[in-house]
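Okay, here's what each chain looks like letter by letter:
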Amino acid sequence: MLEVRNVTRIFGTRAAVDNISFTIDRPAFVGIIGRSGAGKSTFLRMMNRLTDASSGQIMVEGQDILSLRGPARRAWQSHCAMIFQQFNLVPRMDVASNVLHGLLNRRSTLATMFNLWPRNDILRALQILDRLGIAEQAPKRAEALSGGQQQRVAIARALMQDPKIILADEPIASLDPMNAQVVMDTLKRINIEDGRMVIANLHTLDTARRYCDRVIGMRDGRIVFDGTPAQLSTGVARDIYGADASFNEAATSTAIPADTAADHAYAERLLT
Ligand SMILES: Nc1ncnc2c1ncn2[C@@H]1O[C@H](COP(=O)(O)OP(=O)(O)OP(=O)(O)O)[C@@H](O)[C@H]1O
Ligand SMILES: [Mg+2]
């Protein structure tokens with residue numbers, strides 16, 4: 001389905017992504033992990049053609065998507081929707097219109113300017129919102145929603161493009177553990193029910209282990225691990241994160257820490 005061949009991206013004199021290769025042969029849920037600066041975002045941005053590669057190829061259905069230009073490049077971009085840590089919604093615009101903006105690549109500027117959408121598209125946007133459990137938010141401004149709800153709107157906007165692949169760059173890094181779980185569950189559902197490939201940069205090990213079929217570990221622009229969550233031992237993780245013997249998995253965890261729960265219980269007792 002997807003073959004990454006010797007892809008490199010150089011900034012100045014330094015390779016942010018250094019000659020990486022891998023193949024994904026089914027619509028899997030793939031997690032990319034690694035410490036800050038490892039090259040995770042740069043890779044996703046090359047996949048989506050937001051950044052050009054310095055060299056290499058990414059083959060999808062016999063085509064090198066890195067060589068696409070103009071309309072072909074835009075068509076590819078709508079086939080691999082991107083989700084960001086900061087949601088990237090239009091805050092003052094209503095939720096339904098935000099979702100409809102997933103179709104932007106395919107519409108005239110004038111129709112978009114006047115917020116004119118075909119009835120079928122509006123119905124589809126509402127169906128997608130309903131599927132993600134946020135239909136009742138449709139008329140509200142995006143900024144009025146919680147972070148978890150906003151990220152689901154961003155996922156709905158992505159689905160509006162009917163993408164083959166969903167690229168998510170730290171989709172839960174700005175969310176509390178409860179909302180993080182809802183968003184990851186949503187991505188997993190879309191992966192399984194629709195057969196869309198998901199490639200997500202994740203900064204926590206426990207999330208990668210829980211949701212991914214396959215985990216790719218990057219360090220200094222290179223792939224240092226490529227395997228199943230079961231193969232991702234603490235030792236391997238230590239190697240990916242480049243930490244010493246004091247490496248602590250909890251530092252990369254999104255779970256609710258026990259002492260925070262205890263703090264809440266204590267505060268509640270004081271208040272009653
Ligand atoms: N536009 C740019 N110009 C120059 N250097 C860049 C640019 N974008 C990224 N880099 C550098 O490339 C390297 C990889 O950055 P990248 O953002 O891909 O890392 P990351 O793994 O996503 O990190 P994080 O976990 O912090 O998001 C870093 O050293 C970064 O400073
Ligand atoms: Mg990043």
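Residues numbered from 1 in each chain as written. Chains lettered and ligands numbered in written order. Predicted model: local features only at pLDDT ≥ 70, side-chain atom pairs only at ≥ 80, totals over all residues.

The name an unreviewed UniProt entry assigns to the chain is Phosphonate ABC transporter ATP-binding protein, from the organism Paracoccus caeni.

Draft legend 1. Just the overall build of the chain, in detail. Along the chain, the regular secondary structure elements total ten helices and ten strands. Within the span of the chain, comprising 272 residues, buried residues form 38% of the whole. Considering only contacts in the chain between residues 6 or more positions apart, those separated by 24 or more positions represent 70%. (Helix = DSSP H or I, 4+ residues; strand = E, 2+ residues; numbered from the N terminus. Buried ≥ 20, exposed ≤ 12 C-beta atoms within 10 Å, placed from the backbone. Contact = placed C-beta atoms within 7 Å.)

Draft legend 2. Molecular detail of the site of ligand 1. Inspection of the region around ligand 1 gives Phe 11, Ala 16, Gly 34, Ser 36, Gly 37, Ala 38, Gly 39, Lys 40, Ser 41, Thr 42 and His 203 as its neighbouring residues. Among the elements that make up the shell around ligand 1, the one with the highest residue count is helix α1 (residues 40-47) (three residues). Of the residues in the shell around ligand 1, the class split is three nonpolar, seven polar and one charged. (Near = placed C-beta within 6 Å. Nonpolar A, V, L, I, M, F, W, Y, C, P; charged D, E, K, R; others polar.)

Draft legend 3. Seen up close, the sheet that holds strand β7 (residues 165-169). The mixed open sheet is built from six strands, whose spatial order is β6-β7-β8-β3-β9-β10. Single-partner strands in this sheet number two, and they are β6 (80-84) and β10 (222-227). With direction set aside, neighbouring strand axes in the sheet form an average angle of 20°. Across five bridges, the pairing between strand β9 (residues 214-219) and β10 is antiparallel. If you follow Ile 216 over to β10, its bridge partner there is Asp 226. (Pairing = 2+ DSSP bridges. Axes fitted to C-alpha atoms, helices over the stretch in contact; angles between N-to-C directions.)

Draft legend 4. Quick peek at the nonpolar core. Membership of the largest hydrophobic core comes to 73 residues, with the highest contact counts inside it found for Val 99 and Ile 166. Considering every element that reaches this core, the biggest residue donor is helix α6 (residues 147-160), with seven residues. In contact with Val 99, other than residues within four places in its own chain, are Ala 125, Ile 128, Leu 129, Val 153, Ala 156, Arg 157 and Met 160. (Core = buried A, V, L, I, M, F, W, Y, C linked by C-beta atoms within 7 Å.)

Draft legend 5. Representation of the pairing of strand β1 (residues 2-11). Strand direction decides the pairing type here: β1 and strand β2 (residues 14-24), joined by seven bridges, are antiparallel. Its bridge partner lying in β2, Arg 9 is registered against Val 17. Bridge count for β1 against strand β4 (residues 55-60) is five bridges, and the pairing is antiparallel. Bridging from a neighbouring strand, Val 4 pairs with Ile 58 of β4.

Draft legend 6. Structural context of the sheet that holds β4. The strand order across the open sheet formed by four strands is β2-β1-β4-β5, and the pairing between neighbours is antiparallel. Only two strands of the sheet have a single neighbouring strand rather than two, namely β2 and β5 (63-64).

Draft legend 7. Spatial organisation of the packing of helix α5 (residues 119-131) against α6. Contact pair α5 / α6: the axes reach a minimum separation of 9 Å and the direction vectors enclose 135°. As the angle between them shows, α5 and α6 are arranged oblique. Note on packing geometry: the crossing formed by α5 with α6 is right-handed. Contact residues: Ala 125, Ile 128 and Leu 129 in α5; Ala 156, Leu 159 and Met 160 in α6. (Parallel < 35°, antiparallel > 145°, perpendicular 65-115°, else oblique. Left-handed = near helix turned anticlockwise from the far one by under 90°.)

Draft legend 8. Examining unusual backbone geometry more closely. One non-glycine residue, Asp 162, lies in the positive phi region at around 50°. The topology assignment puts Asp 162 in the loop between α6 and β7. Among the residues examined, Asp 162 registers 14 C-beta atoms within 10 Å and is labelled partly exposed. The backbone of Glu 170 shows a phi angle near 50°, a positive value even though the residue is not glycine. With respect to the helices and strands, Glu 170 occurs in the loop between β7 and α7 (177-194). Here Glu 170 falls in the partly exposed class, since 19 other C-beta atoms lie within 10 Å of it.

Draft legend 9. Molecular detail of the packing of α6 against α7. Between α6 and α7, whose axes approach to 8 Å, the crossing angle comes to 15°. The orientation of α6 with respect to α7, classified from their angle, is roughly parallel. Of the two possible hands of crossing, α6 and α7 adopt the one that is right-handed. Here α6 contributes Gly 147, Gly 148, Gln 151, Arg 152, Ile 155 and Leu 159 to the contact with α7, which in turn contributes Asn 179, Val 182, Val 183, Thr 186, Leu 187 and Ile 190. The class makeup of the residues in the contact of α6 with α7 is six nonpolar, five polar and one charged.

Draft legend 10. Quick look at the pairing of strand β3 (residues 29-33). A large share of β3 lies buried, amounting to five of its five residues. Where burial is concerned, the two faces of β3 agree: the one with Phe 29, Gly 31 and Ile 33 and the one with Val 30 and Ile 32 are both buried. Bridge count between β3 and strand β8 (residues 197-201): four bridges; the pairing is parallel. Within β8, the residue paired with Gly 31 across the bridge is Ala 200. Pairing of β3 with β9, which is carried by four bridges, proceeds in the parallel orientation. When the bridges of β9 are listed, Ile 32 appears paired with Ile 216.

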